Amino acid sequence: MRKKLTIITASVIVVYTAIIVAWHLYAPSRQFALQVPGADNRPPESARKADDVRIGEFFMRYETETSSLTGKWTCFRGNDMSNIIHTSDKIAYSGDDYAEIWGVTTGEGHAAPVIYNGMVYFLDYDETLSSDMLRCFSLETGKEQWRRWYRVPMKRNHGFSRTVPVVSDDYIITLGPQGHLMCCHPVTGDLKWTHDLQSEYQTEVPFWYTGQCPRVDDGILIVAPAGDETLLAGIDCNTGETVWQTPNTPKFKMSHSSVTPMTIHGKKTYVYAGIGGVCGISAEPSDRGTLLWHQTKWQPSVIAPSPLHLSGGNIFLVAGYGAGGALMRVDLAGNKWTAVIVEQYKANEGLSSEQQTPILYNNFIYTVLPKDGGSQRGKLVVYAPTDLHNPVWSSGADERFGLGPYVIINDRIFVLKEDGELYVYKIENSRSLLLERKQRIMDGVDAWGSMAYADGMLLVRDANNVKCLKIG
């Protein structure tokens, strides 16, 4: 028996050794053919790189509703970019809670909506599809009408989308977090044109993604690529053609701040606070796009609020992360423009703001002070333009709003605390402001997006929701 087992074991070893040796010696073929693109009969352009962005390539329609509403909130900070609206609508300021008409869950972000003729538009980001999305909803029902989107993989960085579109009868234009401009028809959603600021202008997108909101002036989109060669550019809203460019001689980089039109010493001017300084570009037809002036003394590392025109050549500048505030004066002597920083101070020394642009109303400036604003931090505070250091009024000790937005409707100021509480104050010159009411309208997280109003509806958003409230 033992002899049989020995023979069997030896046989198995010999067989397996032969198999292994044969496997190593055997070459099935030495005739290799080189595969060339297309040899696998794959459809053209079906293979794509991860960073191959095709702006606006996908579209989906859900509903086709019409509306008789005519109210408009066309761009960041409203139709005249002041964040103030005067309306004949009867606004409810006390009594029953504001009714929530509808709400929608969004991707994480802070991009606020615009309103146009009964439709609501905002930029969103879908993490599951790694895509920027322009979404259109009915203002009255909250039903989604359509969306147009495109794939652009990104990592979350305090959310994704941040910018407010600009809309008219003929276009809805968005600027995505990675600097992608997209223009669509506001009713049909048809794609009209696109631009990629990174590839076309070598724009360096800020760390927390693009925060600059697109502006339109006389049918021309005004955008600040702040790239290697181009500081500002004007793009025809209907055709997408670039009609003028401002050379980036100051070598500014893109900030989160938005271009602000102003009239300074009788000249229409686009004012932009970039990383590296502040500049003024002519907005006049005769020399549009000409760099008039710039200054480099004001250089915060992060800038979100837009410049605020006070009067004449006086412009107020503000930024967070310890920058505080500054007053800049622009002068014109003959044909020579100059811009100087008259004063600059830390956030705990006067009027300042980290994210929201202050509001100038009836010769007073309204702001919420940042977290480094000293004992007044987080409060709604009012200053006179003649004294940027001593407030004439501030909200109560328990009325602090973080980075929440605020808007003036008629003689009331609506302030949204970043956790979802809505406060309404009455503006009175003698006593400045009187508290009317407060209400929790959502269990908010980072409710930082700016508010929008039209047709008795107030739109608010936090990091994950957009809600429509009936206030009129």
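For the structure, see preceding data.
Throughout what follows, the structure given in this document is the object of discussion.

Conventions we followed
- Residues numbered from 1 in each chain as written.
- Predicted model: local features only at pLDDT ≥ 70, side-chain atom pairs only at ≥ 80, totals over all residues.
- Heavy atoms only, no water.
- Helix = DSSP H or I, 4+ residues; strand = E, 2+ residues; numbered from the N terminus.
- Buried < 20%, exposed > 50% of the residue type's maximum accessible area, 1.4 Å probe, protein only.
- Areas by Shrake-Rupley, 256 points an atom, 1.4 Å probe, with all protein chains shown as cover.
- Pairing = 2+ DSSP bridges.
- Axes fitted to C-alpha atoms, helices over the stretch in contact; angles between N-to-C directions.
- Disulfide = S-S within 2.5 Å.

Each helix and strand in the protein was counted, giving two helices and 35 strands. Residues counted as buried form 55% of the 472 residues belonging to the protein. Roughly 21200 Å² of accessible area belongs to the protein as shown, and the carbon and sulfur atoms make up 51% of that amount.

Before going further, it helps to examine the sheet that holds strand β23 (residues 324–333). Read across the sheet, four strands follow the order β21-β22-β23-β24 without closing on themselves; strand pairing throughout is antiparallel. Each edge of the open sheet is held by one strand with a lone partner, namely β21 (308–311) and β24 (336–345). Each strand axis lies, on average, 30° off the axis of its neighbour in the sheet, ignoring direction. Here β21 pairs with strand β22 (residues 314–319) via three bridges, running antiparallel. Bridging across to β22, Ser 311 finds its partner in Asn 314.

Per the counting criterion, the structure on display carries zero disulfides. Cys 183 provides the cysteine sulfur closest to Cys 184, a residue in no disulfide bond, and the two sulfurs are 6.6 Å apart. The class for Cys 184 is buried, based on a relative accessible area of 0%.

Turning next to unusual backbone geometry. The phi dihedral of Asp 218 falls on the positive side, at around 55°, and the residue is not glycine. Mapped onto the elements, Asp 218 comes out in the loop between β13 (215–217) and β14 (220–223). Residue Asp 218 is classed as exposed on the basis of its relative accessible area of 64%. Its identity as a non-glycine residue notwithstanding, Lys 251 has a phi of 65°, on the positive side. As for its placement among the helices and strands, Lys 251 is situated in the loop between β16 (242–247) and β17 (260–264).

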